[in-house]
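Take a look at the letters that make up each chain.
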Amino acid sequence: MFYVTEQLGKTQALTPEGFLIVRNAPLARTGLQLYSDKEIPLTGDSDGHVIVQRDPQEVFAPQTIMSLHGKPITLDHPTDNVTPDNWKSLAVGFVVNPHRGTGLQDSLLLGDLVLTDPHAIKSVRDGDIRELSVGYDSAYEQTGPGRGRQHNIVCNHLALVETGRCGPVCRIGDSMPRPLQMTLMSKTRKTRHFHVYL
């Protein structure tokens, strides 16, 4: 529950201070998602693509859902994980109440957003940035040529992005990232965690 003084639409409202509340925003989804083998520690197909399965039991695992509660919202993805050392310069709000959707939304991880930064609020209200992408760590399993599966997803932040990997379903309505700055481990060790974006 939020105390708001101005309802801006079905899901958006303002607090007395002018913070923007977005209720039940789709943050992530289950199913297949496309990655490059330069992003994750899996062997891609002849084009370097990997189709990764994100099972409901992983996306909706209690640790995954609760790892997103209270996490910062950023404008695009930062180079590194958000930590106490860089939080003040990166955070434009925070996530609360992450939960699995029901009915037609049972494949979605939903959450409420509290945006506290004036530039971020204006960008969302003007429609300049509306898609969402979770920054997280996870383990990977190779299941076939150009195929894989995610395990043990632990969220670090939620980014407001222009183009999300999840597609238009995850809007304020995930991010096809710019080249990610990460160091890939040997492809013979598939269980180490890597920081990527969903």
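Here the structure is a predicted model, which is why all the values come from computation and not from measurement.

### Points about the pairing of strand β9 (residues 131–144)
Thinking step 1. Extensive coverage of β9 is indicated by the burial of 10 of its 14 residues.
Thinking step 2. The turn linking β9 back onto strand β10 (residues 147–161) is made up of 2 residues, and Gly146 within it adopts a positive phi angle of 65°.

### Observations concerning the confidence of the model for the protein
Thinking step 1. Counting all residues, the mean pLDDT for the protein is 84, and 82% of those residues have values of 70 or more.
Thinking step 2. Across residues 173–198 the pLDDT falls below 50, and counting only partners more than four positions away or on other chains, this stretch makes 101 contacts in the model.

### Brief notes about the environment of Ser138
Thinking step 1. Tracing the backbone shows Ser138 in strand β9.
Thinking step 2. The class of Ser138 is buried, set by a relative accessible area of 0%.
Thinking step 3. Separated by 98 residues in sequence, Ser138 and Ile40 have C-alpha atoms that sit 9.8 Å apart.
Thinking step 4. One polar contact links Ser138 to Tyr140, side chain to side chain, over a distance of 3.3 Å.

### Quick look at the side chain of Asp55
Thinking step 1. By the secondary structure assignment, Asp55 is in the loop between β5 (49–54) and α1 (56–59).
Thinking step 2. Excluding its chain neighbours within four sequence positions, the residues that come into contact with Asp55 are Thr30 and Arg149.

### Digging into the pairing of β5
Thinking step 1. Judged by which residues are buried, β5 turns out to be one-sided: Val50, Val52 and Arg54 face inward and are buried, whereas His49, Ile51 and Gln53, on the alternate face, are not.
Thinking step 2. Pairing between strand β4 (residues 31–36) and β5: 6 bridges, direction antiparallel. Note on β5: the bridge partner recorded for Gly31 is Arg54.

### Let's talk about the environment of Asp117
Thinking step 1. Within the element layout of this structure, Asp117 appears in the loop between β8 (108–115) and α4 (118–125).
Thinking step 2. In this structure Asp117 comes out as partly exposed when scored by relative accessible area, which is 23%.
Thinking step 3. Asp117 sits 98 residues away from Phe19 along the chain, and the two C-alpha atoms are 7.7 Å apart.
Thinking step 4. In this structure the side chain of Asp117 is engaged in a polar contact, spanning 2.9 Å, whose partner is the backbone nitrogen of Ala120.

### Regarding the nonpolar core
Thinking step 1. Of all hydrophobic cores here, the largest spans 33 residues; its most connected members are Leu27, Ile73, Leu113, Leu115, Leu158 and Leu160.
Thinking step 2. Looking at this core, the elements with two or more residues in it are β3 (20–29), β5, α2 (62–68), β7 (91–100), β8, α4, β9 and β10.
Thinking step 3. When residues of this core are assigned to their parent elements, the largest contribution, 5 residues, is made by β3.
Thinking step 4. Residues within four places of Leu158 in sequence aside, it is in contact with Leu27, Pro72, Ile73, Thr74, Val95, Leu113, Leu132, Ser133 and Val134.

### Brief notes about the pattern of salt bridges
Thinking step 1. If you walk through the whole model with that rule in mind, you get 2 salt bridges.
Thinking step 2. Here Arg149 and Asp55 are joined by a salt bridge, their closest N and O atoms 2.8 Å apart. Here the residue Arg149 occupies a position in strand β10, and Asp55 occupies one in the loop between β5 and α1, the gap between them amounting to 94 residues.
Thinking step 3. Of the charged contacts in the structure, one is a salt bridge between Lys122 and Asp126, with a shortest N-O distance of 2.6 Å.

### What to know about α4
Thinking step 1. What α4 keeps buried is the set Ala120, Ile121, Ser123 and Val124. Down the axis of α4, the sector holding all buried residues measures 165°, keeping them to one side. Turned more than 90 degrees away from the buried face of α4, the exposed residues are Pro118 and Lys122.
Thinking step 2. The secondary structure elements touched by the buried residues of α4 are β2 (12–14), β3, β6 (72–75), β7, β8 and β10.

Parameters and conventions
- Residues numbered from 1 in each chain as written.
- Predicted model: local features only at pLDDT ≥ 70, side-chain atom pairs only at ≥ 80, totals over all residues.
- Heavy atoms only, no water.
- Buried < 20%, exposed > 50% of the residue type's maximum accessible area, 1.4 Å probe, protein only.
- Helix = DSSP H or I, 4+ residues; strand = E, 2+ residues; numbered from the N terminus.
- Pairing = 2+ DSSP bridges.
- pLDDT = per-residue confidence, 0-100.
- Contact = heavy atoms within 4.5 Å.
- Polar contact = N/O pair within 3.5 Å; in protein donor to acceptor, adjacent residues only side chain to side chain.
- Core = buried A, V, L, I, M, F, W, Y, C linked by side-chain atoms within 4.5 Å.
- Salt bridge = Lys/Arg side-chain N within 4 Å of Asp/Glu carboxyl O.
- Arc of directions from axis to C-beta.

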